[in-house]
Amino acid sequence: MVINFNRTAAYRCPSCGEISFGDFSMFELSGTKAISIRCNCGQSSLMIASENKNNFILSLDCIVCDETHKFSLPFQSLAKKDCAEFTCPNVMVGLIFIGRSEAVHNAVIRNEHYIEEVISACGLEHTGKNGVTMLKALDKIQELSDEENLFCECGSNMIDVEVREDDLVLECCMCGASLTLTADMVRNSDFTHIEQIILKQKK
């Protein structure tokens, strides 16, 4: 029996938004060793390190919320599972895929199709960095609306949302007050913790 110790890792780069792939051997993670898989754009990397003999830690800056996420990967999962997948805890977007090469590539394709469907349903055309970021924004805005924490200074809670590639615009259906949220604003980690959005009327 031939045992394959080679593995593939793929992750979504928080800088360029593309999926980056890298191959490694499990022998490279022996002892206290760590490896880094770098995106072709040169602006980010996925860190894989041994926590102990039974567990690895994956570290990645998140494209969705600008936080550094750390995920636990048991040795048994890396050794036996075809593909382990890890998502942003704030928005269910696949961030890291690690395992056997073919299974990882198939998982990435499935995840990209899922994102394309969701983004298309929101009126967006791109699955890059801003497209995924807009998913985060819409999720948070829906949460605030459900909790009645999204409203206008005029008293109306009838807020229209226009989603664009680089930003989204909230507009009061009663008085026309508006607020533009750019992708860069949404990527700020504080956005996840916003408790209320109030549209301001123009003076």
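First, a word on scope: everything that follows refers to the structure included in this document.

Criteria and cut-off values
- The residue numbering used here restarts from 1 in each chain and proceeds along that chain's sequence as written.
- Whole-chain, interface and lining totals are the exception, using all residues; otherwise, since this is a predicted model, local features are given only for residues with pLDDT of at least 70 and side-chain atom pairs are given and counted only at 80 or more.
- Note that water and hydrogens are dropped before the side-chain values are worked out from all heavy atoms of the structure.
- Strands here are runs of E lasting at least two residues and helices are runs of H or I lasting at least four, both read from the DSSP assignment and numbered beginning at the N terminus.
- The buried label goes to any residue with under 20% of its type's maximum accessible area, the exposed label to any with over 50%, and the partly exposed label to all in between, with areas taken from a 1.4 Å probe on protein chains only.
- Contacts: residue pairs with any heavy atoms within 4.5 Å of one another.
- Methods summary: accessible areas were calculated by the Shrake-Rupley approach with a probe of 1.4 Å, and residue burial reflects only the protein chains presented.
- His is not counted here, nor are the chain ends, while Lys and Arg score as positive and Asp and Glu score as negative.
- Every charge is mapped to an atom, namely NZ of Lys, CZ of Arg, CG of Asp or CD of Glu.
- Two strands pair under a simple rule: DSSP has to find at least two bridges between them.
- All axes here are fitted lines through C-alpha atoms, helices being fitted over the stretch that makes contact, and every angle between N-to-C directions spans 0 to 180 degrees.
- Any two rings among Phe, Tyr and Trp, with Trp reduced to its six-membered ring, count as a pair given centres within 6.5 Å; such a pair is stacked if its planes are under 30 degrees apart, edge-to-face if over 60, and tilted if neither.
- In the sections that follow, a salt bridge refers to a side-chain nitrogen of Lys or Arg positioned within 4 Å of a carboxyl oxygen of Asp or Glu.
- Take the buried Ala, Val, Leu, Ile, Met, Phe, Trp, Tyr and Cys residues and link them wherever side-chain atoms come within 4.5 Å; each set so joined is a nonpolar core.

1. Section: the overall build of the chain
Inference 1: Counting its regular elements, the chain contains four helices and 13 strands.
Inference 2: Taken along its principal axes, the extent of the C-alpha atoms in the chain is 70 × 30 × 30 Å.
Inference 3: Within the span of the chain, comprising 203 residues, buried residues form 44% of the whole.
Inference 4: Here the contacts in the chain between residues at least 6 apart in sequence split such that 45% fall between residues at least 24 apart.
Inference 5: Summed over all atoms, the accessible surface of the chain reaches about 11,000 Å², with 47% contributed by carbon and sulfur.
Inference 6: With 18 positive and 29 negative side-chain charges, the chain shows a separation of 8 Å between the mean positions of the two kinds.

2. A word on the sheet that holds strand β8 (residues 94-99)
Inference 1: Spatially, the four strands line up as an open sheet ordered β2-β1-β8-β7, and their pairing is antiparallel. At either end of the open sheet lies a strand with only one pairing partner, and these are β2 (19-25) and β7 (83-87). Ignoring which end each strand starts from, the neighbouring axes of this sheet average 15° apart.
Inference 2: The pairing of strand β1 (residues 6-12) with β2 spans seven bridges and is antiparallel. Pairing of T8 across the sheet is with D23, part of β2.

3. Observations concerning the packing of aromatic side chains
Inference 1: Overall, the coordinates contain three aromatic pairs when judged by the stated rule.
Inference 2: When the ring of F56 is compared with that of F75, the centres are 6.2 Å apart and the planes differ by 45°; the resulting orientation is tilted. Here F56 is found in strand β5 (residues 55-61), whereas its partner F75 is found in helix α1 (residues 75-80), with 19 residues between them in sequence.
Inference 3: Here F56 falls in the buried class, since its relative accessible area comes to 5%.
Inference 4: Relative accessible area serves as the criterion here: at 32%, F75 is assigned to the partly exposed category.

4. Observations concerning the pattern of salt bridges
Any two side chains of opposite charge can pair, given that their charged atoms come close.
Inference 1: Taken as a whole, this structure holds four salt bridges when the rule is applied.
Inference 2: Of the charged contacts in the structure, one is a salt bridge between R110 and E85, with a shortest N-O distance of 3.6 Å. Remark: E85 occurs in strand β7 and R110 occurs in helix α2 (residues 101-121); sequence separation between them is 25 residues.
Inference 3: Overall, the relative accessible area of 43% leaves E85 in the partly exposed class.
Inference 4: One salt bridge in this structure joins E143 and K140, with 3.3 Å as the shortest N-O distance. On the criterion of helical spacing, the pair formed by E143 and K140 is a turn pair, its members being three residues apart in helix α3 (residues 129-146).

5. Remarks on the nonpolar core
Inference 1: Core analysis: the biggest nonpolar cluster contains 33 residues, and F24, L46, I48, L58, I96 and I98 have the highest contact counts within it.
Inference 2: The residues contacting L58, other than those within four sequence positions of it, are L46, M47, I48, H69, K70, F71, L73, F86, I96 and I98.
Inference 3: In terms of nonpolar packing, the next biggest core, distinct from the first, is built from 19 residues, I141, L144, V186 and I197 among them.

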